[in-house]
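# A look at the structure
One-letter residues, chain by chain:
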Amino acid sequence: MTIRTDHRHLYLQVIDRLKSDIDNGIYQENEKLPSEFELSKSLGVSRATLREALRLLEEENVIVRRHGVGTFVNPKPLFTSGIEQLSSISSMIEQAGMEPGAIFMKATEEKSTEDDVTRFQTDIDDNVITIERVRTADGEPVVYCIDKVPAGYLPQQFVSNQDVSIFSALEQTGAIHVAYAVTFIDPVGYHEHVSPILNCGPETALLVLKQLHYDDNDRVVLYSKNYFRADKFSFHVVRKRV
């Protein structure tokens, strides 16, 4: 069925129609869309108009075009958060109505590297603890977490008690309060170590959030590197005009 002409540009009407078809289940998540020839014919528009609509839909992450393969419907993220708020992964999962969990991978305590000395302003002889975990939603792995923290900031029993959050452990003595974080976001493709752990195929991208967590004295007390499944999580930021 062709789209109905109104006062708007045709490509905008095509966008609305395809979004509606996806919302109504005519095209399912991860399903391959018909060819450009078939779509343009069924919608009654030129292929140039269709291509412009598909380009904008890809920018919105509604679809993904794979060279030589076709155009597919992107799954809608289950979890979304504004990165201007320092919220935990567990709270994001809970807000989506799912049960958060964690799978402990390993913890190591080693002497500070040059990067650690620069990052935490520690001495080269100070130890740094690295903790690797997988965060789950209803038992499904969705985030791979690597956290680094100077050993002196954590209680001695923390590594053996993985039910305690790192934030809670850092703030246990009252000497440290995590006040804010500086976040860097990088999109990456298939990761040979992380992707299989998160049950991601080659077509599933990852979002890497690198965060420096500061206390009230502007001291870095925690460095996190978290790999999020891009088909499960989306992040946004509110920008105010100044």
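Coordinates for the structure precede this section.
Here is a short report on the structure shown in this document. (Residues numbered from 1 in each chain as written. Predicted model: local features only at pLDDT ≥ 70, side-chain atom pairs only at ≥ 80, totals over all residues. Heavy atoms only, no water.)

## A few points about the overall build of the chain
In terms of regular secondary structure, the chain is built from seven helices and ten strands. For a compact globule of 242 residues, the expected C-alpha radius of gyration is about 18 Å, and the chain comes in at 23 Å, more than 25% above that figure. Taken along its principal axes, the extent of the C-alpha atoms in the chain is 70 × 45 × 35 Å. Taking all 242 residues of the chain together, the buried fraction comes to 40%. By sequence separation, contacts in the chain at least 24 residues apart represent 56% of the contacts at least 6 residues apart. Split by element, the accessible area of the chain, about 14,100 Å² in all, is 49% carbon and sulfur. If the 26 positive side-chain charges of the chain are averaged to one point and the 36 negative ones to another, these points end up 9 Å apart. (Helix = DSSP H or I, 4+ residues; strand = E, 2+ residues; numbered from the N terminus. Rg over C-alpha atoms; globule rule 2.2 N^0.38 Å. Buried < 20%, exposed > 50% of the residue type's maximum accessible area, 1.4 Å probe, protein only. Contact = heavy atoms within 4.5 Å. Areas by Shrake-Rupley, 256 points an atom, 1.4 Å probe, with all protein chains shown as cover. Lys, Arg positive; Asp, Glu negative; His and termini not counted. Charge placed at Lys NZ, Arg CZ, Asp CG, Glu CD.)

## Re the environment of Pro-150
Relative to the helices and strands, Pro-150 resides in strand β6 (residues 140-150). Residue classification places Pro-150 among the buried positions, given a relative accessible area of 5%. Each C-alpha atom, one on Pro-150 and one on Asp-23, is 48 Å from the other, the two residues being 127 residues apart in sequence. Not counting residues up to four positions away in its chain, the partners in contact with Pro-150 are Phe-120, Thr-122, Asn-127, Val-128 and Val-221.

## Overview of unusual backbone geometry
At Gln-121, a position not held by glycine, the phi torsion is positive, near 60°. A relative accessible area of 65% places Gln-121 in the exposed class. Its identity as a non-glycine residue notwithstanding, Asp-218 has a phi of 60°, on the positive side. Position of Asp-218 among the secondary structure elements: in the loop between β8 (206-215) and β9 (220-229).

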